[in-house]
Amino acid sequence: MTNYKAKKSNLKALLSKNGMDLVGLEKNTNIPQSQLNDYLSKKVMSLNSAMTISKELNCKIEDLYVWAAEEA
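Residues numbered from 1 in each chain as written. Predicted model: local features only at pLDDT ≥ 70, side-chain atom pairs only at ≥ 80, totals over all residues. Heavy atoms only, no water.

Side note on the packing of aromatic side chains
1) Next: One pass over the full model with this rule turns up one aromatic pair.
2) Next: On the basis of an interplanar angle of 70° and a centroid distance of 5.8 Å, the ring pair of tyrosine 65 and tryptophan 67 is categorised as edge-to-face.
3) Next: By relative accessible area, tryptophan 67 is classed as partly exposed at 39%. (Phe/Tyr/Trp six-rings, centres within 6.5 Å; stacked < 30°, edge-to-face > 60°. Buried < 20%, exposed > 50% of the residue type's maximum accessible area, 1.4 Å probe, protein only.)

Structure, rendered in structure tokens:
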């Protein structure tokens, strides 16, 4: 069985692609900018945040990160 682990956030690139910054994402999602900053660097998003952000950025949840496959 293969498990997947989020290795790196793609949020910065997705924001750029959509012509948006953290202020705009905060305004449109009601996710605090401090929390969005955490997602840019190290923290993995909750499923609820990932769904909200992916809908706002017109992408799939799995597009929010670079994923690494790990054999179980």
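Focus: the packing of helix H2 (residues 22-29) against helix H4 (residues 47-56)
The relative placement of two packed helices comes down to the angle between their axes together with the axis-to-axis distance.
1) Next: Here H2 crosses H4 at 110°, and the two axes come no closer than 10 Å. Relative to H4, the element H2 lies roughly perpendicular. The way H2 lies across H4 gives a crossing that is right-handed. Within the contact between the two elements, H2 uses Leu25, Asn28 and Thr29 and H4 uses Thr52, Ile53 and Glu56.
2) Next: Residue classes in the contact of H2 with H4 are distributed as two nonpolar, three polar and one charged. (Axes fitted to C-alpha atoms, helices over the stretch in contact; angles between N-to-C directions. Helix = DSSP H or I, 4+ residues; strand = E, 2+ residues; numbered from the N terminus. Parallel < 35°, antiparallel > 145°, perpendicular 65-115°, else oblique. Left-handed = near helix turned anticlockwise from the far one by under 90°. Contact = heavy atoms within 4.5 Å. Nonpolar A, V, L, I, M, F, W, Y, C, P; charged D, E, K, R; others polar.)

Looking at the environment of serine 54
1) Next: By the element assignment, serine 54 lies in helix H4.
2) Next: Excluding its chain neighbours within four sequence positions, the residues that come into contact with serine 54 are Cys59, Lys60, Ile61 and Leu64.

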